[in-house]
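Close look at the chain arrangement
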Amino acid sequence: MLTNTIAGNIQQIRNTLPQGVELVAVSKFQPESAVMEAYGVGQRLFGESRPQELAAKWAALPRDIAWHMIGHLQTNKVRLIAPFVAMVESVDSLRLARVISDEAIRAGRVIDILLEVHVAREESKFGWNPATLENTLSAGEFDNLLGVRIRGVMGMASFTDDTNIIDGEFTKLKSIFDTIKQQYVPQIDVLSMGMSSDYPQAIVHGSTQVRIGSTIFGQR
Ligand SMILES: *Cc1c(COP(=O)(O)O)cnc(C)c1O
């Protein structure tokens, strides 16, 4: 935490964000009252990692909040959030993209998505392998998914104190974003990278959206 209050933390972070970098306040595991404290200083964009929690907060809180799904999403949970979610940042398979597209169409919507790419050292089941993603894009596999709009790329750096490793991973994410934009989806405009521990570095490397939880709300 930067200050003693959620409002103070948000304002302090905002003061450091360059123009064009959006703040997603990551409210997972935080009570609705914490969201409302952030809302009180004008925060309207929040991120959650669990579909049930996301749906419950959406139902209880003001309707002008934009909710981003940032955690792993199982296909059988998509229906819970499809009617309202502003963006799914964690799209890591074609199967998931297809289900989101189908559920969006059912709900009469088009849902913005980010493609989550795995660049960190930790073993993780989640996130595209960069080469697989490029092959999938070049094969035109997303072309007929009329219920989703690809807006960009999301990624996470390794959990480490070694800033060289983190720099390398953010550089890689930016280069994947640039390749996708130049070769496959020219309209993409979101590069979501940077969390509490590394967002200043992510911004240096071209992030347009930082996802910050504990620095705003304290420990979960
Ligand atoms: C929890 C989470 C964050 C925020 O992490 P903090 O370290 O609390 O800022 C960002 N992105 C994703 C995908 C998360 O799951």
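Above this note sits the structure.
First, a word on scope: everything that follows refers to the structure included in this document. (Residues numbered from 1 in each chain as written. Predicted model: local features only at pLDDT ≥ 70, side-chain atom pairs only at ≥ 80, totals over all residues. Heavy atoms only, no water.)

Let's shift gears to the overall build of the protein. If you tally the helices and strands in the protein, you get 9 helices and 8 strands. Overall, the C-alpha framework of the protein stretches about 50 × 45 × 30 Å when taken along its three principal axes. Burial status across the protein gives 51% buried among its 220 residues. If you take every contact in the protein between residues at least 6 apart in sequence, the share linking residues at least 24 apart comes to 59%. In the form shown here, the protein has an accessible surface area of approximately 10,300 Å², with 49% of it arising from carbon and sulfur atoms. In the protein, 21 side chains carry a positive charge and 24 a negative one; their mean positions are 6 Å apart. (Helix = DSSP H or I, 4+ residues; strand = E, 2+ residues; numbered from the N terminus. Buried < 20%, exposed > 50% of the residue type's maximum accessible area, 1.4 Å probe, protein only. Contact = heavy atoms within 4.5 Å. Areas by Shrake-Rupley, 256 points an atom, 1.4 Å probe, with all protein chains shown as cover. Lys, Arg positive; Asp, Glu negative; His and termini not counted. Charge placed at Lys NZ, Arg CZ, Asp CG, Glu CD.)

What follows covers the site of the ligand. Around the ligand lies a shell formed by V26, K28, I70, M156, M195, S196, R211, I212, G213, S214 and R220. Between the ligand and K28, the relevant distance is 2.7 Å, taken from an oxygen atom to a side-chain nitrogen or oxygen of the residue. Here an oxygen atom of the ligand sits 2.8 Å away from a polar atom, N or O, in the side chain of R220. (Near = heavy atom within 4 Å. Polar contact = N/O pair within 3.5 Å; in protein donor to acceptor, adjacent residues only side chain to side chain.)

What follows concerns the environment of R149. Looking at the element boundaries, R149 is found in strand β6 (residues 148-156). A relative accessible area of 40% means that R149 is categorised as partly exposed. Along the primary structure R149 and D112 are separated by 37 residues, whereas in three dimensions their C-alpha atoms are 4.8 Å apart. Ignoring anything within four residues of it in the chain, the contact list for R149 reads V110, I111, D112 and I113.

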